[in-house]
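A structural walkthrough
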Amino acid sequence: MTMTRALAASFLAALVSLAPAHAAEAPKPPREEWSFSGIFGKFDQAQLQRGFQVYREVCSSCHSMSLVRFRNLAEPGGPGFTAGQVKALAAEYKVKEVNDNGEEVERPARPADAWPSPFPNDKAAAAANGGKAPPDFSVLAKARTFERGFPLFVVDAMPFVGYSEQGVDYIHALLNGYEDAPAGMEVPAGTNYNKYYPGHLIAMAKPLSDGQVTYAKGENGEPVVPETVEQYSRDVAAFMSWTAEPHMEARKALGFRVILFLILLAGLLYYVKKKIWADVGGEVHGLQPELHKTG
Amino acid sequence: MSGHANTYVPKSRLAKWFESRLPLVGLMHSSFVSFPVPRNLNYFWTFGAILIMMLGLQIVTGVWLAMHYDPSADKAFNSVEHIMRDVNYGWLLRYAHANGASMFFVAVYIHIFRNLYYGSYKAPREVLYILGVIIYLLMMATAFLGYTLPWGQMSYWGATVITNILAAIPVVGDTIQSLLWGGYSVGSPTLNRFFSLHYLLPFMIAGVVVLHVWALHVVGQNNPTGIPIKSGKDAVAFTPYATVKDVFAAVVFMLFFAYWIFYQPGYLGHADNYIPANPAVTPAHIVPEWYFLPFYAILRAVPDKLGGVILMFGAVLILAFAPWLDTSRVRSSNYRPIYRQFFWLFVIVCVVLGWLGAKPPEGGYVIASQICTFYYFAHFLIVMPLVGLFETPTALPGSILESVTGPGKQIESGSGMPVGAAAAPSSKG
């Protein structure tokens, strides 16, 4: 094996020397703590409700969320609104439909309706936003990521130390990444400097500022969480994680039971296998009796 | 099917009536019950059964997904999300199917490397082996077609890159491309065609799997020593011995599979595929699924498009020639001290090619890809013929039994397993 080792070592050395060619890119978003990460992760209902509030009061004026239906907000594993709250919420929005006379009419939304988009179509959205439609929020948390590089990407796949919240962390970092451009960097009109955006020039202006959204107060009249950009971005990122993966809690809970069952089954089968092979292992040949007789 | 004794004796009147008209039960019995299996197989030999399980799971989950999927460019992306959101356990079906493809390739790569290490491709198993290469090719086509179906950015641009590659084939390339596109670029007709073919190919795989298993049962299984079954004492009956071992291994593999489905369902995919397909925006890096990355690195190692295409397809097709490129008289690398080191070097080169396939095609990455591509082909064209000629293998055990119990021991009991054709199939062709 010595030859293999020497060759492998020289290979790795050569590869490591190649790596720095790609260093000078955007900084990696920091890894945040999320209630929904890990094997037993669950969404924080209060956080999802706050995140929904941020989306509704700020983001929804430009960003659609067309795959989410009002009823989803009351489904298990989500923000946990009641059916009544969702019905009342939906009624505040108008949706278009074609009536029996073939006329396009507006009616109040029902829980089964999709979240109404802020623009009639993608072209209108692009025209109103400097030529590019703001991305839909439905699966955005799964559509964004950043490279972790070797060897972290291997660690990320593993149980307990695994990492699958890159998209959420990126969104959180992006919303906190607005700062002054470094000296000498030109920021063209219609773009904004963002530390975490690939290429740094993002069309979206800084969307959140401290105190912009008023959260419901606690029982003592004091705010439960700070009303800051950091908190808003955390809450809305968590909310987007739910819209991207509304059955995440069910998935993780079922997974735990499936894996426990398979461990038990594998354990039993191991002993069955051992018992069946016991008479083969030594010198005695262990065939079924009828096989000895024939042939 | 195989030449050894059929030990199935129908008992009931109905079974006798049926067996005299179609000896199906006897066929299954001789193939999966009384079939002699080398007693020294290790767990690498369970991957055949695992692969059959994976094919079955992919077909079952795929048929169910097809009930809810809409293969039109406008609706495909949202219909996949409809499955994820609104269909009962749709998320489970879809994640099992998408990760199932990856697990299928994990299993097939272990199966292929096991084959190469133990020289299973050598006579008399050439046809069995080539059928395996055909299955692998069909799997690659099926997986590629399947990855286009969610119609995200990677689906769309992957389809564009691969169909453009096919256009480089001389004479028929343009025709193939037009047939796949169904228009002047990748679009809704392409998606319809890909969906249709994606549904067709797994059944073709199943057909070749039947031939693969048939060929296996004619020539018998190889084993870690590489020497054939010489007497019944070298073998055990397929059922219960191999069966219970295969089932145990399959459950352990399911455990591995379940982890990905439930806890890392997106890890093996690509984030860009959650952005709906957009012909106007090219992703920063167009990257195939992990199981294609070594071939993608080979494709991009060559500056010439046609040259890259030839090498990429050549990298798969060259596998089929291994039985004739390998000149060694000994099958198993356990007894081949020189070749064994080249084998592991080959494994490392394949892994490094995979890593390079995920990197942008520039600078040092291209040079490294070229070096690895050179070794990939040299392994088959230079190492396999030459090492076989010059290497002195270490001493082989006298029999499979001796490899298990140690040399010189006499076996007193047991009259042995009826073997026959599976022990010594006809000599080299």
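Numbering of residues starts from 1 in every chain and runs along the sequence as written. Written order decides the labels, with chains lettered from A and ligands numbered from 1. Confidence filtering applies because this is a predicted model: local features only for residues at pLDDT of at least 70, side-chain atom pairs given and counted only at 80 or more, and all residues used for totals across whole chains, interfaces and linings.

1. Describing the overall build of chain B
To keep it simple, the criterion reads: Secondary structure elements are taken from DSSP: a helix is a run of H or I of four residues or more, a strand is a run of E of two residues or more, and numbering for both begins at the N terminus. Every radius of gyration here is taken over C-alpha atoms, with the globule rule written as 2.2 Å times N^0.38, N being the number of residues. Think of it this way: build a C-beta for each residue from its backbone, and any pair within 7 Å is a contact.
For chain B, the count of helices and strands is 16 helices and two strands. Taking 22 Å as the expected radius of gyration for a compact globule of 429 residues, we find that chain B reaches 24 Å, a close match to that expectation. The dimensions of chain B, computed from C-alpha atoms along their principal axes, are 75 × 60 × 45 Å. Relative to all contacts within chain B whose residues are 6 or more apart in sequence, the contacts with residues 24 or more apart total 79%.

2. Looking at the overall build of chain A
Applied cut-off: Buried residues are those with 20 or more other C-beta atoms within 10 Å of their own C-beta, exposed residues have 12 or fewer, and partly exposed residues lie in between; C-beta atoms are placed from the backbone.
Helix and strand content of chain A: ten helices and four strands. Within chain A, the fraction of its 295 residues that count as buried is 25%. In chain A, the proportion of contacts linking residues at least 24 apart, taken out of those at least 6 apart, comes to 60%.

3. Let's talk about the pairing of strand β2 (residues 104-108) of chain A
All names here are of chain A. Applicable threshold: Two strands are counted as paired when DSSP detects at least two bridges linking them.
For β2, the buried fraction is low: zero of the five residues fall into the buried class. Here five bridges tie strand β1 (residues 94-98) to β2, and the two strands are oriented antiparallel to one another. Bridge pairing in β2 links Glu-97 to Val-105.

4. Let's talk about the environment of Glu-97 of chain A
Residues and elements named next belong to chain A. Within the secondary structure, Glu-97 is located in strand β1. Overall, Glu-97 belongs to the exposed group, with 10 C-beta atoms counted inside 10 Å. Between the C-alpha atoms of Glu-97 and Arg-107, which are ten residues apart in sequence, the distance is 7.4 Å. Filtering out sequence-adjacent residues up to four positions away, Glu-97 remains in contact with Val-105 and Arg-107.

5. Some thoughts on the UniProt feature "domain: Cytochrome c" (unreviewed entry) in chain A
Our working definition: UniProt positions are given in the numbering used here, feature names are shortened, and annotations may be inferred rather than shown by experiment.
Cross-referencing UniProt, the feature "domain: Cytochrome c" (unreviewed entry) maps to residues 46-179 of chain A in the present numbering. Span residues 46-179 of chain A is 34% helix and 7% strand, its end C-alpha atoms 29 Å apart.

6. A look at the confidence of the model for chain A
In regions of low pLDDT, the predicted coordinates are not meant to be interpreted in detail. Inclusion rule: Scored between 0 and 100, pLDDT is the confidence that the predictor attaches to each residue.
Per-residue pLDDT for chain A has a mean of 89; in total, 86% of the residues score no lower than 70. Contacts of residues 15-24 of chain A to residues separated by more than four positions or lying in other chains number six contacts, the stretch itself having pLDDT below 50.

7. Considering the nonpolar core
Quick reminder of the rule: The nonpolar core criterion groups buried Ala, Val, Leu, Ile, Met, Phe, Trp, Tyr and Cys residues into a set whenever they are joined through C-beta atoms within 7 Å.
Ranked by internal contacts, the top residues of the largest apolar core, which has 96 residues, are Ile-50, Phe-104, Ala-107, Ile-298, Val-349, Leu-353 and Cys-372 of chain B. Looking at this core element by element, the count peaks at 15 residues for helix α5 (residues 90-117) of chain B. Not counting residues up to four positions away in its chain, the partners in contact with Val-349 of chain B are Cys-372, Tyr-375 and Tyr-376 of chain B. By size, the runner-up hydrophobic cluster in this structure holds 40 residues, among which are Val-86, Leu-140 and Ala-143 of chain A together with Ile-275 of chain B.

8. Comments concerning unusual backbone geometry
Residues and elements named next belong to chain A. Here the residue pair Phe-150 and Pro-151 is connected by a cis peptide bond, since its omega of 0° sits within 30 degrees of zero. For His-200, which is not glycine, the phi torsion reads 70° and is therefore positive. Relative to the assigned elements, His-200 resides in the loop between β3 (192-193) and β4 (201-202).

9. Points about the UniProt feature "domain: Cytochrome b/b6 C-terminal region profile" (unreviewed entry) in chain B
Taken from the UniProt record, the annotation "domain: Cytochrome b/b6 C-terminal region profile" (unreviewed entry) applies to residues 228-398 of chain B. Within the segment residues 228-398 of chain B, helix and strand shares are 58% and 2% respectively, and the terminal C-alpha atoms sit 10 Å apart.

10. Observations concerning the domain arrangement of chain A
Our working rule: For the purposes of this description, domain bounds are those given by an automatic or database domain assignment.
Assigned domains within chain A: domain 1 (25-68 + 114-246) and domain 2 (258-293). Using only C-alpha atoms to locate each centre, domain 1 of chain A and domain 2 of chain A end up separated by 53 Å.

11. Description of the environment of Ala-125 of chain A
Residues and elements named next belong to chain A. Structurally, Ala-125 is set in helix α4 (residues 122-128). Overall, Ala-125 belongs to the buried group, with 20 C-beta atoms counted inside 10 Å. Between the C-alpha atoms of Ala-125 and His-247, which are 122 residues apart in sequence, the distance is 29 Å. When neighbours within four sequence positions are excluded, Ala-125 is seen to be in contact with Phe-119, Ala-133 and Pro-134.

12. So, the packing of helix α4 (residues 76-85) of chain B against α5 of chain B
Residues and elements named next belong to chain B. The line we're drawing: Helix axes are fitted only over the stretch in contact, all axes being lines through C-alpha atoms; the angle between N-to-C directions runs from 0 to 180 degrees. Throughout this description, any angle smaller than 35 degrees is read as roughly parallel, any larger than 145 degrees as roughly antiparallel, any in the 65 to 115 degree range as roughly perpendicular, and the remainder as oblique.
Relative orientation of the contacting elements α4 and α5 amounts to 120°, with a least axis distance of 5 Å. Considering their axes alone, α4 and α5 lie oblique with respect to each other. Across the interface between the two elements, Val-80, Ile-83 and Met-84 of α4 pack against Gly-90, Trp-91, Leu-93 and Arg-94 of α5.

13. Comments concerning the pairing of β1 of chain A
Of all five residues in β1 of chain A, zero are buried, a share of ten percent or less. Counting the residues in the hairpin turn of β1 of chain A and β2 of chain A gives five residues, including Gly-102 of chain A, whose phi is positive at 80°.

14. A few points about helix α14 (residues 337-357) of chain B
Applicable threshold: Take the number of residues in a helix, subtract one, and multiply by 1.5 Å to get its expected span.
Here α14 of chain B contains 21 residues, and its C-alpha end-to-end distance of 31 Å stays within 8% of the 30 Å for a straight helix at 1.5 Å per residue. Looking at α14 of chain B, one finds that the buried residues are Tyr-339, Phe-342, Phe-343, Phe-346, Val-349, Cys-350, Val-352, Leu-353, Leu-356 and Gly-357 of chain B.

15. Concerning the confidence of the model for chain B
All names here are of chain B. When pLDDT is averaged along chain B, the result is 92, and 93% of the positions lie at 70 or above. Within the model, pLDDT remains below 50 along residues 412-416, and this stretch shows eleven contacts once partners closer than five positions in the same chain are excluded. Under a pLDDT of 50 for its full length, residues 420-429 has, in the predicted model, 25 contacts with residues more than four places off or in other chains. As a predicted assembly, this complex carries a pTM of 0.91 together with an ipTM value of 0.91.

16. Quick notes on the packing of α5 of chain B against helix α6 (residues 126-148) of chain B
Residue and element names in this part refer to chain B. Note the threshold: Take the far helix as the reference: if the near one is turned anticlockwise from it by less than a right angle, the crossing is left-handed, and if turned clockwise, right-handed. For this classification, the nonpolar set comprises Ala, Val, Leu, Ile, Met, Phe, Trp, Tyr, Cys and Pro, the charged set comprises Asp, Glu, Lys and Arg, and every other residue, Gly included, is treated as polar.
In contact at an axis separation of 11 Å, α5 and α6 are set at 155° when each is read in the N-to-C sense. It follows that α5 is roughly antiparallel to α6 by the angle criterion. The two elements α5 and α6 meet at a crossing, and its hand is left-handed. Touching Ala-101, Phe-104, Val-108 and Asn-115 of α5 are Tyr-129, Tyr-136, Met-139, Ala-143 and Gly-146, all from α6. Within the contact of α5 with α6, the residues separate by chemical class into seven nonpolar, two polar and no charged.

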